[in-house]
Amino acid sequence: NDIVYEAIDAKMNRRVAVKELKLPVHLAGAQKRERVERFYREAKAAGTLTHPNIVTIHEVGQENDRHFLVMEYLDGQSLRDILQIQGALPLKETVEIALQMCEALSYAHAHGIVHRDVKPDNIHILPGGIIKLTDFGIARITAEPSITSHGQVFGTPSYMSPEQVASSGVDHRTDLFSMAITLYEMTTGRKPFTGDSVITITYN
């Protein structure tokens, strides 16, 4: 729920996307500190990864009380947008997207990063078919202490692994589960687990 602006990096003369942390006015104390820490955790998680299929973070910083990160501007559209327009994708296109996603996830996992929110909304497809994995907002850096308290659940219900739903320890297999659900949706045009409520979806 942060705010993203299109901007120009005047020094480099390039278009960029600037993501600003959105802090609710009622947030204070430990909750506010955790939200700010999670924002910088996103910058650190994505910023340490240099891969053609992962969004590039150029800069992170603070201006007065405004926290921001600057990343590459992505043309094209999200996989979610494409699925909403087309429904199920041709098998060749599905395989090409899945293979690139597996490359991105393999690289992230090898560097100790678990994304935890793999879904069509966070897969961006550039003109020409190159994909970019985006939004490391709830990523887990395995080499660092978790900032998720016991009982806290982060993720998107339709794509979450059972251990993620149960707030158990997660590793790279969580991302593979979510990728498999995304692959299912690309192939069939629908999600494998549905329901009228979050509880029903997670139970299914």
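Scroll up to find the structure this text is about.
Here, residues in each chain are numbered from 1, in the same order as that chain's written sequence. Thresholds applied to this predicted model are a pLDDT of at least 70 for local features of residues and 80 or more for the giving and counting of side-chain atom pairs; totals over whole chains, interfaces and linings are not thresholded and use all residues. With hydrogens and water excluded, all non-hydrogen atoms of the structure serve as input to the side-chain values.

Undergrad: Looking at this structure, how should I read the pattern of salt bridges?
TA: Pairs may arise between side chains of opposite charge once their charged atoms sit close together. By definition here, a salt bridge exists when the distance from a side-chain nitrogen of Lys or Arg to a carboxyl oxygen of Asp or Glu is within 4 Å. One pass over the full model with this rule turns up 15 salt bridges. In this structure, the salt-bridge partner of Lys119 is Asp117, at a minimum N-O distance of 3.7 Å. Accessibility assignment for this pair places Lys119 and Asp117 in one class, buried. Here Arg173 and Asp171 are joined by a salt bridge, their closest N and O atoms 2.6 Å apart. One network of salt bridges, in which partners are shared, links Glu6, Arg15 and Asp75. Accessible area is worked out with a 1.4 Å probe on protein chains only. A residue is then buried under 20% of its type maximum, exposed over 50%, and partly exposed in between.

Undergrad: Can you help me understand helix H2 (residues 79-86) in this one?
TA: In an α-helix, one full turn covers 3.6 residues, which means residues spaced three or four apart are oriented alike. The complete set of buried residues in H2 reads Leu79, Arg80, Ile82 and Leu83. Down the axis, H2 shows its buried residues gathered within 160 degrees of arc, on one side only. Exposed residues pointing more than 90 degrees away from the buried face of H2 are listed as Gln84 and Ile85. Here, two residues are considered to be in contact whenever any of their heavy atoms come within 4.5 Å of each other. Labels follow the DSSP assignment, with helices taken as runs of H or I lasting at least four residues and strands as runs of E lasting at least two, numbered in each case from the N terminus. Residues of H2 that are buried sit in contact with strand S5 (77-78), helix H3 (91-110), strand S7 (123-125) and helix H5 (172-188). To be clear, the arc concerns the directions from the helix axis to the C-beta atoms.

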